[in-house]
Amino acid sequence: MRIANWFKGVPLRRILVTLFLLQILLAVGLTGYLSIHNGQKAVNEVASELRYEVANRVEQNLQTYLSTLRQQLRGNQNVIDIGLLPMENLATWESYLIKQLEIFPDAIALTASNEQLEYLAVEKLNDRQFLLTKADKSTGYNLYTYKIDSFGQRTQLPEVIKNYDARSRPDYQAAVNAKKFSFSQIFTALTEPTLLISASQPIYNSQGQLLGVNSALTHISQIGDLLQNIKVGKSGQIFIIERSGLLVASSTTEEPFCLQNGKPVRFAASQSGNSLTQASAKYLTTKFSNFDQIQSLQQLNFSFGGKRQFLEIRPFEGELNVNWLIVVAVPEADFMGQIERNTQTIIFLCLGALGLATLLGIITARWITQPILYFSTATKDLADLTNGEDSVVIVQGIKELEVLAASFNEMIQQLGKTFTAQITKNEELELQVLQRTQELQQEIQVRINSERILSQHHQVLAELANHKAISEGKLETAFKVITEKAANALEIERVSVWLFNGDRTKLQCISLYERSNQRHSAGLEGNLADYPIYFKSLTSARIIAVTDTRTDLRIQELWDELLEPKNIVSLINTSIWVGGEVVGTVLYEQIDIPRIWELSEQNFVSSIAEFVTLTLEVCDVYDELRLRKQAESALREAQEAAKIANRAKSTFLRNISHQLRNPLTSILGITEALQNQVYGTVTEEQRQSLNILESTGKNLLKLINQILELTDIESSKIELQLAATSIQGICDSSLSFVKHLALQKNIHLSVQIPEEIEPIQVDESRIRQVFINLLTNAIKFTKEGGKVWIEVQPNSTNEYIFFSVIDTGIGMLSDDLFQLFQPFVQVENSSNRNSTGTGLGLVMVQKIVELHGGTVHAESQLGKGSRFTVKLPWKKV
């Protein structure tokens with residue numbers, strides 16, 4: 001009775017839902033608790049296994065890495081034992097050590113030193129360069145450093161150490177003290193701020209006498225690289241320390257040293273800049289007062305930043321004199337992240353299950369109680385069949401209620417059929433009347449709109465017929481009025497009038513009206529060569545009506561450049577006919593929304609075209625076109641006259657040059673004979689005058705020769721002898737030609753060319769003349785001790801190649817660059833006022849390059865040098 005009192009007055013639906021919720025809460029809560037508890041237990045087991053496996057992997061990698069160095073030295077010992085590498089002559093070791101570095105990449109340097117104070121070290125810089133360091137009798141026992149390239153060429157570096165004794169180095173001392181293979185302590189590199197460790201092997205003769213030491217050196221940073229390749233969870237770290245606490249390497253990017261006065265100084269792990277490394281080292285220092293106490297694997301836990309950290313420390317004594325500690329630190333958060341996500345998942349699942357249980361309870365309660373409600377509602381509806389609601393009771397799943405529902409439905413079925421049929425018939429009649437009314441309204445509205453548009457069109461045409469500008473042939477005003485009224489009448493964005501030019505190769509926009517901003521403009525052009533299909537359509541049809549500009553083939557040529565950028569989706573063209581031919585078009589452009597052109601609109605735009613025709617006929621525009629043709633004909637005649645004058649100039653210069661060269665050659669010959677005292681002795685004063693006469697005559701002869709060559713080029717008498725030419729060869733030969741000029745001023749010459757560059761099709765002698773002229777100019781205007789070089793670079797598509805002649809000379813102002821390629825002109829400033837020249841060298845360069853289809857470009861800055869760049873088509877062989 002007490003339980004019944006609790007549920008008194010409570011709906012059956014709520015009672016069922018409550019029971020469902022209690023069951024699901026109990027089951028899901030217990031499951032979630034057990035899942036979280038077991039997950040926490042699994043974290044500790046996984047963390048322990050992960051630390052152990054990571055430490056094992058680190059130890060194996062270190063063993064492998066250090067053993068490689070030992071194997072290398074053992075191989076060298078075997079070669080020494082059979083007498084191929086004498087310790088008394090280290091000069092024979094050089095090529096052997098280079099080959100060894102190519103075979104064993106783990107060693108950055110291989111060294112050999114003996115008791116006679118000789119020392120040899122080879123270090124690998126990259127795949128093509130090595131660093132050689134040596135000290136022997138030939139160097140006065142001073143340490144010299146050389147760079148060796150892939151061709152074996154040596155370049156001495158400026159670093160020299162006086163009276164160098166390799167026996168004091170850590171790698172030598174470690175081997176001598178151990179009297180067998182040994183690793184040295186970590187020490188500072190000799191030539192760079194970094195830390196090294198060496199594997200050293202002492203060499204003895206058959207009497208047990210020490211001959212020297214062979215060592216293999218490697219960067220400590222490479223051990224750090226090994227650690228960085230090992231992943232420890234998400235944020236775990238690995239670091240190696242010595243028993244003294246000094247940091248050896250870390251899986252982070254941190255270096256195990258800092259620079260003081262340019263020299264590396266090691267620091268303890270407890271002083272690390274990495275917070276986890278520092279915290280782990282400090283914890284170990286607190287846990288173990290002396291790291292020598294750690295003789296076996298230790299798995300520890302400590303707190304850092306309020307979170308638990310898993311720690312494993314393992315001794316590493318894999319090789320002689322290598323006594324390090326491997327430390328693996330893993331934050332518990334790396335594992336708890338998944339546990340926390342699982343916890344969140346369980347909570348969401350519980351909430352989902354609770355929601356699902358609620359939904360199922362509601363559905364079940366509704367399924368049970370709904371039939372009862374149906375009977376109640378159906379009984380009320382039975383009294384009033386006009387409410388239009390379905391009174392049929394549908395019950396599924398409960399047998400007793402299904403029988404009762406079937407009897408009830410049979411009782412009301414006959415009454416419902418008659419009433420439903422009547423209602424359906426009434427609804428069909430009402431729908432037919434409504435549809436017909438809507439159709440009549442649409443037809444009436446379309447007719448009203450058509451009449452309104454026609455009225456507007458007639459009004460515009462009437463206004464144009466009476467407009468004074470059209471009747472008087474005032475083109476600019478008339479076209480503005482026509483385009484503006486047409487745009488407003490059609491409610492279109494752009495209307496424009498276009499006319500052909502005199503030779504019918506272009507359409508020119510005479511007037512353009514934009515309706516959105518009420519602006520008139522003109523000046524656009526369209527070339528017949530660019531739009532042949534569109535121009536043909538204009539002359540073959542009076543109207544071109546386009547609803548979708550993207551698909552109509554007649555105007556596809558306009559899409560990319562003219563239509564798409566302005567979002568023109570529809571257009572209509574009407575041709576302008578004057579005197580039986582098309583002289584232009586009126587263009588109407590619709591933007592944003594496509595438009596279907598009605599017949600009334602096409603008739604209207606045809607009428608607009610007739611008004612344009614009328615205006616042109618009144619203005620007699622074709623008189624102006626005839627005048628334009630006459631002007632173009634006069635221009636062509638003037639151009640032909642200029643060509644004839646140019647040929648006459650070339651003939652005149654050639655005749656004058658030939659007349660001057662013959663007597664000038666005789667003068668130079670007589671001058672040379674006088675200098676050689678053929679006609680008797682000459683005084684010093686006479687010799688100076690003869691020298692001046694010879695120098696002036698040679699310059700004049702050079703000028704005459706250049707004038708003749710320039711005349712041949714301008715008159716197209718020079719034919720290029722194109723052939724496959726080596727780019728490297730033509731650059732080298734050009735530099736060789738001017739080498740004596742550079743030596744006189746101590747100027748350094750060089751060339752920069754990409755490797756394995758293909759030949760080019762050019763006239764080799766002519767292009768060599770171009771380079772020699774540019775190089776001669778560069779040397780002339782470069783001070784003593786300067787630099788001049790050629791730089792070759794293809795463009796990104798390999799269609800062209802650029803040759804640049806660059807110098808560190810006096811340069812010039814940018815305002816003077818335009819004068820460089822003018823005949824008989826030299827750019828002058830305070831620095832080059834005394835320089836001699838004809839002023840034709842750069843003109844010849846430009847002409848020869850243009851004959852090859854190229855260009856010449858100059859860049860310069862006063863006091864900082866110049867760059868002359870020749871661009872040539874790269875016709876590959």
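For the structure itself, consult the block above.
On a predicted model such as this, the values are computed, not experimentally measured, just so you know.

**Q** Got a sec to walk through the sheet that holds strand S10 (residues 237–242)? Specific residues and values, please.
**A** An order of S11-S10-S16-S15-S14 is seen for the five strands of this open sheet, with the pairing classed as antiparallel. At either margin of the open sheet sits one strand with a lone partner, and together these are strand S11 (247–250) and strand S14 (298–304). Ignoring strand direction, the axes of neighbouring strands in this sheet form an average angle of 25°. By the bridge criterion, three bridges tie S10 to S11 in an arrangement that is antiparallel. Across the sheet, Phe239 pairs through a bridge with Ser250, a residue of S11. Contacting S10, S11 and strand S16 (324–331), helix H5 (residues 220–228) runs over the sheet at an angle of about 40° to S11. Against the sheet, helix H6 (residues 275–287) touches S10, S11, S14, strand S15 (307–316) and S16, its axis set at about 120° to S14.

**Q** Describe helix H11 (residues 532–540), and please don't skip the residues or the numbers.
**A** Along H11, the positions that sit buried rather than exposed are Tyr534, Phe535, Ser537 and Leu538. An end-on view of H11 places all buried positions within 160° of arc, on one side of the element. Facing away from the buried side of H11, by more than 90 degrees, are the exposed residues Lys536 and Ser540. Tucked into the core, H11 has its buried residues touching strand S17 (494–500), strand S18 (506–514), strand S20 (525–527), strand S21 (543–546), strand S22 (568–578) and strand S23 (581–591).

**Q** Could you give me a rundown of the packing of aromatic side chains, with the residues and numbers involved?
**A** Aromatic rings in a pair are described by how distant their centres are and how their planes are angled relative to each other. Using the criterion set out here, one finds seven aromatic pairs in the structure. A ring pair is formed by Tyr119 and Tyr164, whose centres lie 5.3 Å apart and whose planes are at 55°; its orientation type is tilted. Here Tyr164 lies in the loop between strand S5 (154–161) and helix H4 (170–178) and Tyr119 lies in strand S2 (residues 119–124), a separation of 45 residues in the sequence. No difference in accessibility class separates Tyr119 from Tyr164, as the two residues are buried. Connected via pairs of aromatic rings, a cluster forms that spans Phe500, Tyr534 and Phe535. Across from the ring centre of Trp577, 4.6 Å away, lies the NZ or CZ of Arg542, which sits over that ring. The ring centre of Tyr800 lies 4.3 Å from the NZ or CZ of Lys871, which sits over that ring.

**Q** I'd like a description of the packing of helix H10 (residues 475–490) against helix H13 (residues 599–619), backed by residues and values.
**A** One way to put it is that H10 packs onto H13 with a least axis distance of 10 Å and a crossing angle of 175°. One way to sum up the angle between H10 and H13 is to call them roughly antiparallel. Across the interface between the two elements, Leu475, Ala478, Phe479, Ile482, Ala486, Ala489 and Leu490 from H10 touch Glu601, Phe604, Val605, Ile608, Phe611, Val612, Thr615, Leu616 and Cys619 from H13. The residue inventory of the contact of H10 with H13, partitioned by class, reads 14 nonpolar, one polar and one charged.

**Q** Explain a negative patch on the surface to me, using residue names and the numbers behind them.
**A** A surface patch of like charges, here negative, comprises Asp530, Asp560, Glu561 and Glu564. Relative to the helices and strands, Glu561 is located in helix H12 (residues 559–563).

**Q** Could you give me a rundown of the nonpolar core, with the residues and numbers involved?
**A** Core analysis: the largest hydrophobic core is formed by 51 residues, its most contacted members being Val58, Trp93, Phe183, Ile223, Ile238, Ile240 and Trp324. Ranked by residues supplied to this core, first place goes to helix H2 (residues 12–81) with 10 residues. Excluding residues within four positions of it along the chain, Val58 makes contact with Leu227, Ile230, Ile238 and Ile326. With 36 residues, the next largest nonpolar core counts Ile767, Ile772, Leu775 and Leu820 among its residues.

**Q** If you had to explain the sheet that holds strand S29 (residues 855–861) to someone new, which residues and values would you point to?
**A** If you walk across this open sheet you meet the five strands as S25-S27-S28-S30-S29, and the pairing is mixed. Where the open sheet ends on each side, the last strands, each with one partner, are strand S25 (748–752) and S29. Direction aside, the axes of adjacent strands within the sheet are offset by 15° on average. Direction of pairing for strand S28 (residues 800–807) relative to strand S30 (residues 865–873): antiparallel, over a ladder of eight bridges. Bridged to Tyr800 within S30 is Pro873.

**Q** I'd like to hear about unusual backbone geometry, residue by residue, with values.
**A** Most peptide bonds adopt trans geometry, and most residues besides glycine take a negative phi value. Backbone geometry at Lys179 places phi at a positive 60°, although glycine is not the residue there. Relative accessible area serves as the criterion here: at 61%, Lys179 is assigned to the exposed category.

What counts and how
Residues numbered from 1 in each chain as written. Predicted model: local features only at pLDDT ≥ 70, side-chain atom pairs only at ≥ 80, totals over all residues. Heavy atoms only, no water. Pairing = 2+ DSSP bridges. Helix = DSSP H or I, 4+ residues; strand = E, 2+ residues; numbered from the N terminus. Axes fitted to C-alpha atoms, helices over the stretch in contact; angles between N-to-C directions. Contact = heavy atoms within 4.5 Å. Buried < 20%, exposed > 50% of the residue type's maximum accessible area, 1.4 Å probe, protein only. Arc of directions from axis to C-beta. Phe/Tyr/Trp six-rings, centres within 6.5 Å; stacked < 30°, edge-to-face > 60°. Lys NZ or Arg CZ within 6 Å of the ring centre and 35° of its normal. Parallel < 35°, antiparallel > 145°, perpendicular 65-115°, else oblique. Nonpolar A, V, L, I, M, F, W, Y, C, P; charged D, E, K, R; others polar. Patch = residues over 30% accessible without salt bridge, like charges linked within 9 Å, V, L, I, M, F, W, Y side chains within 5 Å. Areas by Shrake-Rupley, 256 points an atom, 1.4 Å probe, with all protein chains shown as cover. Salt bridge = Lys/Arg side-chain N within 4 Å of Asp/Glu carboxyl O. Lys, Arg positive; Asp, Glu negative; His and termini not counted. Charge placed at Lys NZ, Arg CZ, Asp CG, Glu CD. Core = buried A, V, L, I, M, F, W, Y, C linked by side-chain atoms within 4.5 Å.

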